[in-house]
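# Analysis of the macromolecular model
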Amino acid sequence: MPGTRVFDYLIVGGGLAAASAVDGIREVDQISTIGLLTEESEPPYQRPPLSKEFLQYEDVPRSLLYVKPEGWFEEQERVELITRQKALVLDPVAMSVTTARGNVFGASRILIATGGRARQIQIPGYDLEGVFTLRTVADSEAIRAAAVLGSRAVLIGAGFVGMELAASLTAHDVTSTVLEAGDRVWARTLPPELSRWMRKHYEEKGVSFRLGSVVNRFVGQGTVEAVEVGAESLPCDMVVVGVGMDPCDGIAGDAGLAVADGILVDTFGETSHPHIYAAGDVARFPDPVFGGNTRVEHWEHAREHGRLVGRNMAGEKEPYELLSYFFSRVFDLSLDAVGRPAQADETVVWGEPGEGPCATFGLSEGRLCAVVLLDAPEELEAGRALVRERVSAKLLYDVTRRDEVSLRDLARLATEYRDRDPGTGDSNE
Ligand SMILES: Cc1cc2nc3c(=O)[nH]c(=O)nc-3n(C[C@H](O)[C@H](O)[C@H](O)COP(=O)(O)OP(=O)(O)OC[C@H]3O[C@@H](n4cnc5c(N)ncnc54)[C@H](O)[C@@H]3O)c2cc1C
């Protein structure tokens, strides 16, 4: 095609998965050309600090967020970072991508790593100034600027964005009210018992919650001044809507690739079209532990999936088997979660939340489905191994009765039981 710039590998999207894919390709193939196309003006950057340190401190430069050191892309041979180019059309037959500016890029292998966008809600007043969502570095800067001037925030959604922001905004002396349609906070990340404790912990720090609340509208003259919930009006200086994200899978769907809330890929990261791959938040992949297909929005997953799919694009054939974890830091707490806490129908807690290391086990139908650690990051690998084993409630309770058992002991025991009685994790003793 005339005017087409051709690379060996074309990566669409400029986040962590994309940057990690460059590493993955280079681990296998040091010679071929790589083009990385992003709609943003920045090189790939880390998003977790956007709701934490970057928001809390006023003078953090953007470059501290970069996945690669400043100037890294320019120094690489045969790697080109192409910013401010939004991919609009994917042609799987021509193996090309056309951007909003009308540029065409071709490649023999294409990776879609377009992540997601903050979900929008359709309610009156959504377009008022002072109403934000949070996904990009510009969003975080805008929220920070509003927090410096304001003192009252209403946060819509008690998921990770709402919960992390409520904690971070206290650094600017902004008091938050969190509105949540469901009946508990952080429901996707915490089992019910921990969710209740977390709510109390936040309330002690001055954050208020309205559970079971659905917003009617945002009110203000140009700038938001209040949020209407039922018959009540909550005055505020700013609103952040944190109700989840939608995967940017449109270009794949329009091109006829299989899409279902994310781009469907196999265990190697390949889509329904040969030589076109997807990785990170946008990809729906075969779940190595729970079965079926899943899509996760974890920093570790974006990094490891991006890298592995990059390697596979370059000729490897490695299945994706990671059970990734989600981390968070709120107030004085560190939180690490593995598995599917929302599915838990039973919870076992080791330790006292907020009083040193604490592990919460979520069980579903008698098997472990999640481990959530508070202030115990060193137990992450043990927790991960236990969820992988899907250990039984019986083993967990047997071991809990003994004194002084650590998570690592438990993980070791689970492996021993598995070796003795493959497939159940049960003790026959
Ligand atoms: C505020 C925030 C805090 C987070 N905190 C945590 C945390 O504490 N712990 C944790 O485990 N995870 C956290 N996450 C999740 C983690 O950051 C994501 O899982 C990770 O960023 C996903 O990386 P990605 O590369 O798949 O997608 P993204 O980071 O979304 O990157 C996709 C990129 O593609 C670009 N793009 C999209 N469409 C196009 C197009 N058509 N053309 C060109 N470019 C395009 C986008 O602009 C973007 O730059 C957080 C996320 C956010 C938003």
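Not measured: the values here are computed from a predicted model.

This part takes up the overall build of the protein. Secondary structure assignment for the protein yields 11 helices and 25 strands. In summary, the protein has a C-alpha radius of gyration of 23 Å against a globular reference of 22 Å for 429 residues, a match within 12%. Taken along the three principal axes of its C-alpha coordinates, the protein extends 70 × 65 × 35 Å. The buried share among the 429 residues of the protein stands at 45%. Within the protein, contacts between residues separated by at least 24 positions form 64% of all contacts whose residues are at least 6 apart in sequence.

Taking strand neighbours across the sheet as the criterion, the five strands line up as β21-β22-β25-β24-β23 in an open arrangement whose pairing is antiparallel. A single partner strand is all that each edge strand has here, and the edge strands are β21 (325–330) and β23 (346–350). Mean inter-strand twist for the sheet, computed between neighbouring axes without regard to direction, equals 20°. Bridge analysis of β23 against strand β24 (residues 358–364) gives five bridges, and the strand direction is antiparallel. When the bridges of β24 are listed, Trp350 appears paired with Ala359.

What follows is about helix α1 (residues 16–28). With 13 residues, α1 should cover 18 Å at 1.5 Å per step; its first-to-last C-alpha distance of 19 Å lies within 8% of that length. Buried residues dominate α1, accounting for 10 of its 13 residues. Those residues of α1 lying buried are Leu16, Ala17, Ala18, Ala19, Ser20, Ala21, Val22, Gly24, Ile25 and Arg26. Residues of α1 that are buried make contact with β1 (4–12), β2 (34–37), β3 (79–82), β6 (104–112) and α8 (299–313).

Spatially, β17-β19-β20 is the arrangement adopted by the three strands of the open sheet, whose pairing is mixed. The open sheet has two edge strands with one neighbour each: β17 (263–264) and β20 (293–294). Direction of pairing for strand β19 (residues 283–286) relative to β20: antiparallel, over a ladder of two bridges. Looking at the pairing, Phe285 lines up with Thr294 of β20.

A few words now on the site of the ligand. Near the ligand you find 34 residues, and of these Gly13, Gly15, Arg47, Gly115 and Gly280 are the closest. The set of elements that each furnish at least two residues to the shell around the ligand consists of α1, α8 and β21.

We now examine the domain arrangement of the protein. Taken domain by domain, the protein holds domain 1 (4–117 + 246–313), domain 2 (120–243) and domain 3 (332–420). Here the C-alpha centre of domain 2 lies 30 Å away from the C-alpha centre of domain 1. Of the residues lining the interface, 12 residues belong to domain 1; the matching set on domain 2 comes to 12 residues. Among the elements that take part in the side of domain 1 that touches domain 2, helix α2 (residues 53–56) stands out by supplying three residues, more than any other. Its residues assigned to classes, the side of domain 1 that touches domain 2 comprises five nonpolar, two polar and five charged.

What follows covers the pairing of strand β22 (residues 333–339). Looking down a regular strand, the side chains alternate between one sheet face and the other. For β22, a buried count of five out of seven residues is recorded, marking the element as mostly surrounded by other parts of the structure. With six bridges connecting them, β21 and β22 associate as antiparallel partners. Within β22, the position partnered with Ser328 by the bridge is Leu335. Linking β21 to β22, which pair antiparallel, is a turn of two residues; within it Phe331 sits at a positive phi near 45°. Alignment of β22 against strand β25 (residues 367–374), held across five bridges, turns out to be antiparallel. Opposite Gly339, over in β25, you have Ala370 as the bridge partner.

With 13 residues, helix α4 (residues 137–149) ought to run about 18 Å at 1.5 Å a step, and its terminal C-alpha atoms sit 19 Å apart, in line with that. Contacts from the buried residues of α4 go to α2, β8 (131–132), α5 (160–169) and β15 (238–241).

This brings us to the packing of α1 against α8. Where α1 contacts α8, the axes come no closer than 6 Å and their chain directions differ by 35°. Taken as a pair, α1 and α8 cross one another with a handedness that is right-handed. Packed against α1, whose contacting residues are Leu16, Ala17, Ala18, Ser20, Ala21, Val22, Asp23, Gly24, Ile25, Glu27 and Val28, the element α8 presents Trp299, Ala302, Arg303, His305, Gly306, Arg307, Leu308, Val309, Gly310, Arg311 and Met313 at the interface. Its residues assigned to classes, the contact of α1 with α8 comprises 12 nonpolar, five polar and five charged.

Attention shifts here to the environment of Gly102. By the element assignment, Gly102 lies in the loop between β5 (96–99) and β6. For the pair Gly102 and Arg295, spaced 193 residues apart in the sequence, the C-alpha separation amounts to 31 Å.

Looking now at the pairing of strand β13 (residues 223–229). Pairing analysis gives six bridges linking strand β12 (residues 215–221) to β13, with the strands arranged antiparallel. When the bridges of β13 are listed, Phe218 appears paired with Val227. The pairing of β13 with strand β14 (residues 232–235) spans four bridges and is classified as antiparallel. Within β14, the position partnered with Val227 by the bridge is Leu234. Taken together, β13 and the strand that follows it, β14, pair antiparallel across an intervening segment of two residues, in which Gly230 is found at a positive phi of about 55°.

About the criteria used
All residue numbers refer to positions counted from 1 along the written sequence of the respective chain. Reporting of local features is limited, given that this is a predicted model, to residues whose pLDDT is at least 70; pairs of side-chain atoms are given and counted only at 80 or more, and all residues count toward the totals for whole chains, interfaces and linings. Think of it this way: any DSSP run of H or I at least four residues long counts as a helix, any run of E at least two long counts as a strand, and we number them from the N terminus. Radius of gyration means the value over C-alpha atoms here, while the globule rule gives 2.2 Å times the residue count to the 0.38 power. Exposed residues have 12 or fewer other C-beta atoms within 10 Å of their own C-beta, buried residues have 20 or more, and residues in between are partly exposed; the C-beta atoms are placed from the backbone. The contact criterion used here is simple: two residues whose C-beta atoms, placed from the backbone, lie within 7 Å are in contact. Paired strands, in this sense, are two strands between which DSSP finds at least two bridges. Between the N-to-C directions of two axes lies an angle of 0 to 180 degrees, each axis being a line fitted to C-alpha atoms and, for a helix, fitted only over the stretch in contact. The length a helix should cover is 1.5 Å for every residue beyond the first. Each residue gets a C-beta atom placed from its backbone. If that atom is within 6 Å of a molecule or strand, the residue is near it. For each domain, the first and last residues come from an automatic or database assignment. Under the scheme applied, nonpolar residues are Ala, Val, Leu, Ile, Met, Phe, Trp, Tyr, Cys and Pro; charged residues are Asp, Glu, Lys and Arg; polar residues are all the others, including Gly. Should the near helix be turned anticlockwise from the far one by less than a right angle, the crossing is termed left-handed; should it be turned clockwise, right-handed.

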